[in-house]
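Breakdown of the fold
Here is how the chains run, residue by residue.
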Amino acid sequence: MELSHGGDWVGYEREYGLPLLDFSANVSPFGIPERVKQAAAQALDRAEHYPDPLCRELREKLSEYHNIPAEWILCGNGASDLIYRLALAKRPQTALVTAPAFSEYENALSLCGCSVTRFPLYAEDGFTVTEKILTEITPELDMLFLCEPNNPTGRTTDRRLLEAILERCAACGTLLVVDECFNDLLDAPEEHTLFGFVSGVSDLLILRAFTKSCGMAGLRLGYALCRDAELLERMRESGPPWAVSGPAQAAGLTALGCQVCPGEANFLLFFSPVPDLGERLRKRGILLRDCSNYRGLGPGWYRASVRTGEENQALLQTIREVL
(Lines give C-alpha, C1' and ligand atoms only; values in the text may rest on other atoms or scores of the structure.)
Protein backbone atom coordinates (compact mmCIF):
# COMPACT_ATOMS: atom_id res chain seq x y z
CA MET A 1 0.00 0.00 0.00
CA GLU A 2 1.36 3.39 -1.00
CA LEU A 3 0.92 5.99 1.73
CA SER A 4 0.49 9.69 1.00
CA HIS A 5 2.55 10.88 3.99
CA GLY A 6 6.07 10.30 5.28
CA GLY A 7 7.15 8.59 8.46
CA ASP A 8 6.20 5.00 7.53
CA TRP A 9 8.94 3.51 9.70
CA VAL A 10 6.81 0.43 10.40
CA GLY A 11 6.61 -0.44 6.71
CA TYR A 12 10.36 -0.04 6.32
CA GLU A 13 11.23 -2.21 9.32
CA ARG A 14 8.81 -4.92 8.17
CA GLU A 15 10.36 -4.92 4.71
CA TYR A 16 14.03 -4.77 5.69
CA GLY A 17 14.09 -5.76 9.35
CA LEU A 18 16.42 -2.88 10.14
CA PRO A 19 16.10 0.46 11.96
CA LEU A 20 16.21 3.53 9.75
CA LEU A 21 17.19 7.19 9.79
CA ASP A 22 13.88 8.90 9.05
CA PHE A 23 14.15 12.16 7.14
CA SER A 24 10.62 11.78 5.72
CA ALA A 25 8.69 13.09 8.75
CA ASN A 26 9.02 16.74 9.78
CA VAL A 27 9.15 16.11 13.52
CA SER A 28 11.58 17.49 16.11
CA PRO A 29 14.66 15.22 16.20
CA PHE A 30 14.92 15.71 19.97
CA GLY A 31 11.86 13.56 20.61
CA ILE A 32 9.30 14.07 23.35
CA PRO A 33 10.66 16.08 26.29
CA GLU A 34 11.20 13.79 29.26
CA ARG A 35 8.71 15.61 31.50
CA VAL A 36 6.05 15.35 28.76
CA LYS A 37 6.74 11.64 28.37
CA GLN A 38 6.38 11.15 32.12
CA ALA A 39 3.07 13.03 32.18
CA ALA A 40 1.68 10.84 29.40
CA ALA A 41 2.85 7.69 31.20
CA GLN A 42 1.32 8.76 34.50
CA ALA A 43 -2.00 9.39 32.77
CA LEU A 44 -2.21 5.65 32.07
CA ASP A 45 -3.09 5.17 35.74
CA ARG A 46 -6.48 6.66 34.87
CA ALA A 47 -6.90 4.84 31.56
CA GLU A 48 -9.92 2.92 32.86
CA HIS A 49 -11.84 6.20 32.55
CA TYR A 50 -12.91 7.83 29.32
CA PRO A 51 -10.86 10.96 28.57
CA ASP A 52 -12.55 14.32 29.03
CA PRO A 53 -14.40 14.80 25.69
CA LEU A 54 -14.23 18.58 26.14
CA CYS A 55 -10.51 18.68 27.04
CA ARG A 56 -11.47 21.22 29.70
CA GLU A 57 -8.20 21.42 31.62
CA LEU A 58 -6.10 21.53 28.47
CA ARG A 59 -8.30 24.21 26.91
CA GLU A 60 -8.09 26.27 30.09
CA LYS A 61 -4.29 26.09 29.97
CA LEU A 62 -4.27 26.98 26.28
CA SER A 63 -6.62 29.84 27.11
CA GLU A 64 -4.12 31.17 29.65
CA TYR A 65 -1.22 30.59 27.27
CA HIS A 66 -2.81 32.42 24.34
CA ASN A 67 -4.78 34.88 26.48
CA ILE A 68 -8.08 34.17 24.71
CA PRO A 69 -11.37 32.64 25.93
CA ALA A 70 -11.40 28.85 26.22
CA GLU A 71 -14.55 28.86 24.06
CA TRP A 72 -12.36 29.93 21.13
CA ILE A 73 -10.29 26.74 21.36
CA LEU A 74 -11.07 23.23 20.12
CA CYS A 75 -8.68 20.31 20.67
CA GLY A 76 -8.47 17.39 18.30
CA ASN A 77 -6.65 14.21 17.38
CA GLY A 78 -3.94 16.16 15.60
CA ALA A 79 -4.51 19.01 13.15
CA SER A 80 -5.64 16.57 10.45
CA ASP A 81 -8.61 15.52 12.60
CA LEU A 82 -9.63 19.17 12.91
CA ILE A 83 -9.32 19.70 9.14
CA TYR A 84 -11.87 16.96 8.49
CA ARG A 85 -14.14 18.17 11.28
CA LEU A 86 -14.02 21.68 9.82
CA ALA A 87 -14.97 20.46 6.34
CA LEU A 88 -17.86 18.42 7.76
CA ALA A 89 -19.07 21.26 10.00
CA LYS A 90 -18.82 24.02 7.43
CA ARG A 91 -19.78 22.03 4.30
CA PRO A 92 -18.25 24.60 1.92
CA GLN A 93 -19.36 24.58 -1.69
CA THR A 94 -16.18 26.18 -3.02
CA ALA A 95 -12.65 26.28 -1.64
CA LEU A 96 -9.16 27.32 -2.68
CA VAL A 97 -5.92 25.55 -1.76
CA THR A 98 -2.35 26.15 -2.85
CA ALA A 99 -0.51 23.54 -4.90
CA PRO A 100 1.67 21.96 -3.74
CA ALA A 101 0.35 21.84 -0.18
CA PHE A 102 -0.62 19.39 2.57
CA SER A 103 -2.93 16.91 0.82
CA GLU A 104 -5.43 16.56 3.67
CA TYR A 105 -6.98 19.97 2.92
CA GLU A 106 -8.19 18.86 -0.48
CA ASN A 107 -8.98 15.32 0.70
CA ALA A 108 -11.26 16.60 3.46
CA LEU A 109 -12.95 19.14 1.20
CA SER A 110 -13.52 16.62 -1.59
CA LEU A 111 -15.03 14.18 0.90
CA CYS A 112 -17.73 16.79 1.56
CA GLY A 113 -18.46 17.31 -2.12
CA CYS A 114 -16.73 20.70 -2.21
CA SER A 115 -15.47 22.09 -5.50
CA VAL A 116 -11.75 22.71 -4.94
CA THR A 117 -9.64 25.13 -6.97
CA ARG A 118 -5.84 25.04 -6.80
CA PHE A 119 -3.65 28.14 -6.73
CA PRO A 120 -0.35 26.97 -8.27
CA LEU A 121 2.97 27.85 -6.66
CA TYR A 122 5.79 28.12 -9.22
CA ALA A 123 9.51 27.44 -8.87
CA GLU A 124 10.32 30.74 -10.59
CA ASP A 125 8.51 32.54 -7.75
CA GLY A 126 10.38 30.50 -5.15
CA PHE A 127 7.19 28.53 -4.50
CA THR A 128 5.78 31.49 -2.56
CA VAL A 129 2.21 32.78 -2.63
CA THR A 130 1.97 35.85 -4.89
CA GLU A 131 -0.48 38.75 -5.01
CA LYS A 132 -2.35 36.99 -7.80
CA ILE A 133 -4.14 34.99 -5.13
CA LEU A 134 -6.12 38.10 -4.16
CA THR A 135 -8.03 37.94 -7.46
CA GLU A 136 -9.09 34.37 -6.61
CA ILE A 137 -10.79 35.49 -3.39
CA THR A 138 -14.36 36.46 -4.28
CA PRO A 139 -17.72 36.45 -2.46
CA GLU A 140 -18.36 33.09 -4.14
CA LEU A 141 -15.38 31.49 -2.36
CA ASP A 142 -16.37 29.82 0.91
CA MET A 143 -12.99 28.72 2.27
CA LEU A 144 -9.26 29.27 1.69
CA PHE A 145 -6.50 27.08 3.15
CA LEU A 146 -3.00 28.47 3.66
CA CYS A 147 -0.10 26.61 5.26
CA GLU A 148 2.39 28.92 7.02
CA PRO A 149 5.12 27.82 6.48
CA ASN A 150 3.93 25.74 3.57
CA ASN A 151 4.34 21.98 3.44
CA PRO A 152 6.29 20.75 1.44
CA THR A 153 8.04 23.94 0.25
CA GLY A 154 8.90 25.36 3.67
CA ARG A 155 8.18 28.90 2.44
CA THR A 156 6.17 31.58 4.24
CA THR A 157 3.95 34.23 2.72
CA ASP A 158 5.09 37.85 2.83
CA ARG A 159 3.59 39.44 5.92
CA ARG A 160 1.94 42.31 4.07
CA LEU A 161 0.38 39.91 1.57
CA LEU A 162 -0.78 37.62 4.37
CA GLU A 163 -2.63 40.51 5.99
CA ALA A 164 -4.03 41.59 2.61
CA ILE A 165 -5.38 38.06 2.10
CA LEU A 166 -7.00 38.17 5.53
CA GLU A 167 -8.58 41.55 4.76
CA ARG A 168 -9.84 40.32 1.40
CA CYS A 169 -11.32 37.17 2.93
CA ALA A 170 -13.08 39.19 5.62
CA ALA A 171 -14.57 41.49 2.98
CA CYS A 172 -15.81 38.53 0.91
CA GLY A 173 -17.07 36.39 3.80
CA THR A 174 -14.50 33.72 3.02
CA LEU A 175 -13.24 31.63 5.92
CA LEU A 176 -9.43 31.81 5.99
CA VAL A 177 -7.90 28.68 7.50
CA VAL A 178 -4.22 29.10 8.35
CA ASP A 179 -2.27 25.98 9.23
CA GLU A 180 0.49 27.14 11.60
CA CYS A 181 1.61 23.69 12.76
CA PHE A 182 5.22 24.44 11.78
CA ASN A 183 5.16 28.01 13.10
CA ASP A 184 7.05 27.20 16.31
CA LEU A 185 10.00 25.94 14.27
CA LEU A 186 10.52 29.23 12.40
CA ASP A 187 13.35 31.59 13.35
CA ALA A 188 10.82 34.34 14.10
CA PRO A 189 7.41 32.69 14.70
CA GLU A 190 5.72 35.91 15.80
CA GLU A 191 6.42 37.51 12.41
CA HIS A 192 4.51 34.84 10.50
CA THR A 193 1.40 34.20 12.58
CA LEU A 194 -2.05 35.73 12.21
CA PHE A 195 -2.92 34.88 15.80
CA GLY A 196 -3.09 38.57 16.73
CA PHE A 197 -6.15 38.92 14.45
CA VAL A 198 -8.20 36.07 15.96
CA SER A 199 -10.00 38.32 18.46
CA GLY A 200 -11.05 40.80 15.78
CA VAL A 201 -11.90 38.61 12.78
CA SER A 202 -14.56 35.90 12.91
CA ASP A 203 -13.69 34.50 9.46
CA LEU A 204 -10.27 33.28 10.61
CA LEU A 205 -9.37 29.86 11.96
CA ILE A 206 -5.81 28.93 12.95
CA LEU A 207 -4.57 25.37 13.30
CA ARG A 208 -1.79 24.48 15.72
CA ALA A 209 -0.31 21.15 16.84
CA PHE A 210 2.11 19.69 19.36
CA THR A 211 3.24 17.17 16.73
CA LYS A 212 6.22 18.91 15.21
CA SER A 213 7.83 21.09 17.88
CA CYS A 214 7.27 18.66 20.76
CA GLY A 215 7.91 15.45 18.84
CA MET A 216 4.44 14.13 19.76
CA ALA A 217 3.40 12.70 16.38
CA GLY A 218 2.37 9.39 17.93
CA LEU A 219 0.22 10.97 20.63
CA ARG A 220 -1.88 13.01 18.16
CA LEU A 221 -2.77 16.40 19.60
CA GLY A 222 -3.72 19.58 17.79
CA TYR A 223 -6.04 22.51 18.35
CA ALA A 224 -7.98 25.16 16.47
CA LEU A 225 -8.24 28.83 17.41
CA CYS A 226 -11.27 30.79 16.21
CA ARG A 227 -13.54 33.53 17.55
CA ASP A 228 -16.56 31.75 16.06
CA ALA A 229 -17.35 29.51 19.04
CA GLU A 230 -20.46 28.16 17.29
CA LEU A 231 -18.31 26.88 14.41
CA LEU A 232 -15.97 25.17 16.86
CA GLU A 233 -18.94 23.52 18.57
CA ARG A 234 -20.21 22.23 15.22
CA MET A 235 -16.71 20.91 14.52
CA ARG A 236 -16.72 19.08 17.86
CA GLU A 237 -20.06 17.51 16.97
CA SER A 238 -18.87 16.55 13.46
CA GLY A 239 -16.78 13.61 14.63
CA PRO A 240 -16.71 10.95 17.30
CA PRO A 241 -16.37 11.95 20.97
CA TRP A 242 -13.18 11.41 22.97
CA ALA A 243 -11.04 12.67 20.09
CA VAL A 244 -8.07 13.32 22.38
CA SER A 245 -6.80 10.50 24.61
CA GLY A 246 -6.02 10.97 28.29
CA PRO A 247 -2.24 10.58 27.78
CA ALA A 248 -2.33 13.10 24.93
CA GLN A 249 -4.19 15.64 27.07
CA ALA A 250 -1.73 15.14 29.93
CA ALA A 251 1.21 15.50 27.56
CA GLY A 252 -0.23 18.69 26.10
CA LEU A 253 -0.65 20.23 29.53
CA THR A 254 2.98 19.55 30.35
CA ALA A 255 4.33 20.57 26.94
CA LEU A 256 2.98 24.13 27.21
CA GLY A 257 5.98 26.33 27.84
CA CYS A 258 6.54 30.07 28.04
CA GLN A 259 5.85 32.48 25.21
CA VAL A 260 9.00 34.58 24.88
CA CYS A 261 9.04 37.90 23.01
CA PRO A 262 12.21 38.46 21.00
CA GLY A 263 14.29 41.09 22.79
CA GLU A 264 17.24 43.26 21.80
CA ALA A 265 18.16 44.55 25.25
CA ASN A 266 19.57 42.84 28.34
CA PHE A 267 16.14 41.54 29.37
CA LEU A 268 13.33 39.39 27.97
CA LEU A 269 9.56 39.73 28.25
CA PHE A 270 7.64 36.45 28.38
CA PHE A 271 4.24 35.00 29.18
CA SER A 272 3.92 31.99 31.49
CA PRO A 273 1.08 29.44 31.30
CA VAL A 274 1.43 29.28 35.09
CA PRO A 275 0.07 32.65 36.35
CA ASP A 276 1.81 32.41 39.74
CA LEU A 277 5.22 31.59 38.25
CA GLY A 278 6.79 34.62 39.95
CA GLU A 279 5.71 33.50 43.40
CA ARG A 280 6.84 29.93 42.76
CA LEU A 281 10.28 31.11 41.69
CA ARG A 282 10.49 33.54 44.62
CA LYS A 283 10.15 30.60 47.02
CA ARG A 284 13.19 29.09 45.29
CA GLY A 285 15.28 32.25 45.67
CA ILE A 286 14.71 33.76 42.21
CA LEU A 287 13.04 37.11 41.55
CA LEU A 288 11.31 38.10 38.32
CA ARG A 289 9.70 41.40 37.44
CA ASP A 290 5.93 40.88 37.48
CA CYS A 291 4.65 42.90 34.51
CA SER A 292 0.94 42.55 35.20
CA ASN A 293 0.77 46.25 36.15
CA TYR A 294 1.96 47.39 32.71
CA ARG A 295 -0.80 48.74 30.47
CA GLY A 296 -1.51 46.24 27.71
CA LEU A 297 -0.17 43.29 29.69
CA GLY A 298 -1.71 41.38 32.58
CA PRO A 299 -1.32 38.33 34.85
CA GLY A 300 1.23 35.84 33.58
CA TRP A 301 3.57 38.38 31.97
CA TYR A 302 7.09 38.63 33.41
CA ARG A 303 10.41 40.27 32.60
CA ALA A 304 13.72 38.55 33.23
CA SER A 305 17.07 40.28 33.03
CA VAL A 306 19.99 38.59 31.29
CA ARG A 307 22.75 37.68 33.76
CA THR A 308 25.77 35.40 33.52
CA GLY A 309 25.59 32.17 31.56
CA GLU A 310 25.62 30.08 34.72
CA GLU A 311 22.89 32.17 36.33
CA ASN A 312 20.78 32.11 33.17
CA GLN A 313 20.97 28.32 33.09
CA ALA A 314 19.93 28.18 36.76
CA LEU A 315 16.86 30.30 35.93
CA LEU A 316 15.90 28.10 32.97
CA GLN A 317 16.34 24.91 34.95
CA THR A 318 14.19 26.20 37.79
CA ILE A 319 11.46 27.31 35.38
CA ARG A 320 11.49 23.85 33.82
CA GLU A 321 11.02 22.28 37.23
CA VAL A 322 8.22 24.65 38.17
CA LEU A 323 6.37 24.22 34.88
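The present account deals with the structure reproduced in this document. If you're wondering where the values come from, they're calculated on a predicted model, not measured in any experiment.

1. A short note on the overall build of the protein
Along the backbone of the protein there are 10 helices and 11 strands. For a compact globule of 323 residues, the expected C-alpha radius of gyration is about 20 Å, and the protein comes in at 21 Å, within 12% of that figure. Overall, the C-alpha framework of the protein stretches about 60 × 55 × 40 Å when taken along its three principal axes. Looking at the protein as a whole, 41% of its 323 residues qualify as buried. Taken as a whole, the protein presents about 17,500 Å² of accessible surface, with 51% of it coming from carbon and sulfur. Of note, the protein has its 31 positive side-chain charges centred 6 Å away from the centre of its 44 negative side-chain charges.

2. A short note on the nonpolar core
Counting 45 residues, the largest nonpolar core has L144, I165, L176, L204 and F210 as the members making the most contacts within it. Leave out the neighbours within four places in its chain, and L144 touches L96, I133, I137, I165, C169, T174, L175, L176 and V177. If you look at the next biggest cluster of nonpolar residues, it comprises 25 residues, including L74, A87, A89 and L205.

3. Observations concerning the packing of aromatic side chains
Scanning the model with the defined rule gives seven aromatic pairs in all. Taken together, a centroid distance of 5.9 Å and an interplanar angle of 50 degrees make the contact between F210 and Y223 tilted. In this pair, F210 is assigned in the loop between β6 (204–209) and β7 (222–226) and Y223 in strand β7, connecting sequence segments 13 residues apart. For F210, a relative accessible area of 5% corresponds to the buried category. The interplanar angle of 55 degrees and the centroid separation of 5.4 Å between the aromatic rings of F271 and W301 together place this pair among those described as tilted. Taken together, the residues F271 in strand β9 (residues 267–271) and W301 in strand β11 (residues 301–305) connect sequence positions 30 residues apart. The class of F271 is buried, set by a relative accessible area of 5%. A network of ring pairs unites the aromatic residues F102, Y105 and F145 as a single cluster. Residue placement shows R303 over the ring face of F267; its charged tip is 5.8 Å from the ring centre.

4. Topic: a nonpolar patch on the surface
On the surface, W9, V10 and L20 cluster together into a nonpolar patch covering about 270 Å² of accessible area. Relative to the helices and strands, V10 is located in helix α1 (residues 9–16). Looking at V10, the relative accessible area reads 38%, which means it is partly exposed.

5. Notes on helix α5 (residues 104–111)
Counting along an α-helix, one turn takes 3.6 residues, and residues three or four places apart therefore face a common direction. Regarding α5, the residues found buried are E104, Y105, A108 and L109. Projected down its long axis, α5 carries its buried residues within an arc of 130 degrees, all on one side. Those residues of α5 hidden inside the fold are in contact with α4 (79–90), β2 (94–99), β3 (115–120), β4 (143–147) and β5 (175–179). G113 sits one or two residues past α5 and shows a positive phi near 75 degrees.

Reading guide: rules and limits
Residues numbered from 1 in each chain as written. Predicted model: local features only at pLDDT ≥ 70, side-chain atom pairs only at ≥ 80, totals over all residues. Heavy atoms only, no water. Helix = DSSP H or I, 4+ residues; strand = E, 2+ residues; numbered from the N terminus. Rg over C-alpha atoms; globule rule 2.2 N^0.38 Å. Buried < 20%, exposed > 50% of the residue type's maximum accessible area, 1.4 Å probe, protein only. Areas by Shrake-Rupley, 256 points an atom, 1.4 Å probe, with all protein chains shown as cover. Lys, Arg positive; Asp, Glu negative; His and termini not counted. Charge placed at Lys NZ, Arg CZ, Asp CG, Glu CD. Core = buried A, V, L, I, M, F, W, Y, C linked by side-chain atoms within 4.5 Å. Contact = heavy atoms within 4.5 Å. Phe/Tyr/Trp six-rings, centres within 6.5 Å; stacked < 30°, edge-to-face > 60°. Lys NZ or Arg CZ within 6 Å of the ring centre and 35° of its normal. Patch = residues over 30% accessible without salt bridge, like charges linked within 9 Å, V, L, I, M, F, W, Y side chains within 5 Å. Salt bridge = Lys/Arg side-chain N within 4 Å of Asp/Glu carboxyl O. Arc of directions from axis to C-beta.

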